[in-house]
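Structure at a glance
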Amino acid sequence: MKNKFIFKCLSICLVFVLTACGKDLQEVFDGDEYNDPIFVNNYYRECPDVFESVNPIKETLNPGEYVRTYESAIENYYDEDMSRLDYTSSYAENKKLSLIDDSFKIGYVSKLFDGQMFCNGDFQLSRIQIDEGGFGMMFAKEMYDYDYFALNFKAAADNPDGSHVSPHYSHVILYITFYMRSGVNYNALKVEIDLDNIPTNMTERNNNDTYVFLAFKLKSLSQSLKRMCGIKIDYEFKSDDYKDKDDDINYALMLYELLLPNSYWL
């Protein structure tokens, strides 16, 4: 009887913790979920249902309207806190979204806001792996002021038969859709970026030989992002130096860190 009482109390406490932290039940994951040695079992495809009913305005960014390396971001004065001598940790540690509000520490997607821009031997635990359909996330806060968007990622291809896939380059069209609250509804802006020569299956290094540091200035976009409360990231696979589009080889983008530096949220 005593053990049963203790179990009941623990169950009530667990429910309270989950609800008090503002977690939706669909954001509670098993520890081993998306951390599988089988490549295709790690695709993360969660997306808020409300995004499906929003018809976004579309905008294409041309070369010169974005950068795709950390060094280019420095040269284009994206952030005075960037340092030519530090491509690893301190920049993201100082700019990570989890420093702005504790809500960015909750849920599976929180690994995009923890300041870890690179694998560092943590593999699936440090990233979100997406297929062409991508994933979406809704924030607990709304963004009211902003500077620029940055995403650190790399690409990988996997052969189902277990054979080695050599280092090569691939080509995708990346889509980043921002969702802004408007009363009880949402407006959306879908940004399209054509990215060729993406390092794929490269030897792990914390530099441009392995990763893409994509950044663009938000205030240069055609639409205001005031009250932005959600983001979706997906892509269209175009080509690959190693595989054809109809090959059985599986392709993925591995997302490590999403940054909205110098932004203000309520």
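First things first, this report covers the structure right here in the doc. (Residues numbered from 1 in each chain as written. Predicted model: local features only at pLDDT ≥ 70, side-chain atom pairs only at ≥ 80, totals over all residues. Heavy atoms only, no water.)

Re the overall build of the protein chain
In terms of regular secondary structure, the protein chain is built from 3 helices and 10 strands. Reading the protein chain from its N terminus to its C terminus gives the helix and strand order α-β-α-α-β-β-β-β-β-β-β-β-β. Relative to its 266 residues, the protein chain shows a buried fraction of 47%. For the protein chain, the computed accessible surface area is about 13,900 Å², with 48% contributed by carbon and sulfur atoms. (Helix = DSSP H or I, 4+ residues; strand = E, 2+ residues; numbered from the N terminus. Buried < 20%, exposed > 50% of the residue type's maximum accessible area, 1.4 Å probe, protein only. Areas by Shrake-Rupley, 256 points an atom, 1.4 Å probe, with all protein chains shown as cover.)

Topic: the pairing of strand β9 (residues 250-259)
It is a general feature of regular strands that their side chains alternate between the two faces of the sheet. For β9, the buried fraction is high: 10 of the 10 residues fall into the buried class. Bridge count for strand β2 (residues 128-130) against β9 is 3 bridges, and the pairing is antiparallel. Note on β9: the bridge partner recorded for I130 is L253. (Pairing = 2+ DSSP bridges.)

As for the nonpolar core
Counting 51 residues, the largest nonpolar core has F178, F216, I231 and L258 as the members making the most contacts within it. When near neighbours in sequence (up to four residues on either side) are disregarded, F216 contacts L61, E65, Y66, Y78, Y148, F149, I176, F178, V191, I193 and L221. Counting 23 residues, the second largest nonpolar core, distinct from the first, contains Y91, M117, Y148 and Y211. (Core = buried A, V, L, I, M, F, W, Y, C linked by side-chain atoms within 4.5 Å. Contact = heavy atoms within 4.5 Å.)

What to know about the pattern of salt bridges
The full count for this structure, using the stated rule, is 10 salt bridges. With its nearest N and O atoms 2.8 Å apart, the salt bridge here joins E142 to R181. Taken together, the residues span a long stretch of sequence, with E142 in strand β3 (residues 135-145) and R181 in strand β5 (residues 168-182) at a distance of 39 residues. Using a relative accessible area of 12% as the deciding quantity, one classes E142 as buried. Relative accessible area serves as the criterion here: at 25%, R181 is assigned to the partly exposed category. Salt bridges sharing common partners tie together E142, R181 and R227. (Salt bridge = Lys/Arg side-chain N within 4 Å of Asp/Glu carboxyl O.)

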